[in-house]
Amino acid sequence: GGQPPSGGDEFDSCVFANPAHAQAMDHDEESSSPGSNFHVYLGHAQAVNKYFGKEVDNWIRGKSFASDIIEVGMVIGETGHAEAYENWDDDVKEETICEMAHDLVEQMEETCWYDMYKPAYANVAANLMYGFSQGVEYEVDILECKSDNNETFYDVFGDILSDDTMSSVH
């Protein structure tokens, strides 16, 4: 049905937040890739978020550590991405990897309990994208990745990154 349950002020729109949609919108606005469109980005975001969500769940439960998540990122980078990245300029590679590290966390902002889970999102995003950068054979210091407003990943999330993550992603 189309109508949210009625609950007045008690009802929270965060349950309708769609992180994949937010990520896809951001890529669609920023990208100049020929042949890509919103639906391509949405499909990609849903695929990425399957892994991202699983690792976030594991991180929250204490079942996943930086090395585990980096390994997942490496596999994603090696599979279906490494070949494409070979033909890109280094600055494009870095920009793409850094943008995704920030986007993975930012896409969750409208979701329920964002503030509570923000440390998990930031740690998983940093490790996943560091692993990804290794998988595409263009290693990036995730802590130095700049966001759209020119803040580094460390500036934005440094205070909530674990020691494990801090020593692993740069």
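Everything that follows concerns the structure shown earlier in this document.
Remember, it's a predicted structure, so these values are computed and weren't measured experimentally.

## Things to note about the nonpolar core
F52, I97, L104, V105, M129, I142 and F153 are the most contacted members of the largest nonpolar core, which totals 36 residues. Where this core is concerned, the elements lending two or more residues are α2 (38–60), α3 (66–78), α5 (90–106), α6 (114–135) and α7 (153–157). The leading source of residues in this core is α6, at 11 residues. Those residues in contact with I97 that lie beyond four places of it in its chain are Y85, M129, F132, S133, V136, Y138, V140 and I142. A20, A24, F38 and A45 belong to the second-largest nonpolar core, a separate cluster that totals six residues.

## Quick notes on the layout of surface pockets
Volume-wise, the second largest pocket comes out at about 170 Å³. Lining the second largest pocket are 13 residues, with E95, C98, E99, K146 and S147 positioned closest to its centre. Among the elements that line the lining of the second largest pocket, the one with the most residues is α5, at seven residues. Grouping the constituent residues of the lining of the second largest pocket by class yields two nonpolar, two polar and nine charged.

## Overview of the packing of α2 against α6
Where α2 meets α6, the axes come as close as 9 Å, and the angle between the chain directions of the two elements is 120°. Classified by the angle their axes make, α2 and α6 are oblique. The two elements α2 and α6 meet at a crossing, and its hand is right-handed. Contacts between α2 and α6 involve F52, E55, V56, W59 and I60 from the first element and Y117, P119, A120, Y121, N123, V124, A125, N127 and L128 from the second. When grouped by side-chain class, the residues that make up the contact of α2 with α6 number 11 nonpolar, two polar and one charged.

## Quick notes on the state of the cysteines
The final tally for this structure, using the stated rule, is two disulfides. C14 shares a disulfide with C112; S-S distance 1.9 Å. In this structure the cystine formed by C14 and C112 twists about its S-S bond by roughly 90°; its chirality is therefore right-handed. One end of the pair, C14, is in the segment before α1 (19–30); the other, C112, is in the loop between α5 and α6, with 98 residues separating them in the sequence. There is no split in this pair, since C14 and C112 are both buried. At a sulfur-sulfur separation of 2.0 Å, the disulfide partner of C98 is C145. An S-S torsion of about -65° defines the bridge between C98 and C145 as left-handed.

Analysis parameters
Here the residue numbers are simple positions, counted from 1 along each chain's written sequence. With pLDDT at 70 or above as the cut-off, local features in this predicted model cover only qualifying residues; side-chain atom pairs require 80 or more to be listed or tallied, and sums for whole chains, interfaces and linings still use all residues. Side-chain metrics rest on all non-hydrogen atoms present in the structure, leaving aside hydrogens and water. The nonpolar core is taken to be a set of buried Ala, Val, Leu, Ile, Met, Phe, Trp, Tyr and Cys residues, with the residues joined through side-chain atoms within 4.5 Å. Relative accessible area decides the class of each residue, using a 1.4 Å probe on protein chains only: under 20% of the type maximum gives buried, over 50% gives exposed, and in between gives partly exposed. Going along the chain from the N terminus, every DSSP run of H or I of four or more residues is numbered as a helix, and every run of E of two or more is numbered as a strand. Any pair of residues with heavy atoms lying within 4.5 Å of one another is described as a contacting pair. A pocket here means an open set of points on a 1 Å grid, computed over the protein atoms alone, that has protein on both sides within 12 Å along at least five of seven lines. A cavity is instead a set of points where a 1.4 Å probe fits but cannot get out; residues with an atom within 4 Å of a point line either one. Grid points are joined across faces, edges and corners, and a volume is the space filled by probe spheres set on the points. Each residue receives one of three labels: charged for Asp, Glu, Lys and Arg, nonpolar for Ala, Val, Leu, Ile, Met, Phe, Trp, Tyr, Cys and Pro, and polar for the others, Gly being one of them. For every element, the axis is a line fit to its C-alpha atoms; helices are fit only across the contacting stretch, and the angle between N-to-C directions ranges from 0 to 180 degrees. Reported orientations rely on four angle classes, namely roughly parallel under 35 degrees, roughly antiparallel over 145, roughly perpendicular from 65 to 115, and oblique for the rest. Left-handed describes a crossing whose near helix is turned anticlockwise from the far helix by less than a right angle; the clockwise case is right-handed. Criterion for a disulfide: a pair of cysteine sulfur atoms at a distance within 2.5 Å.

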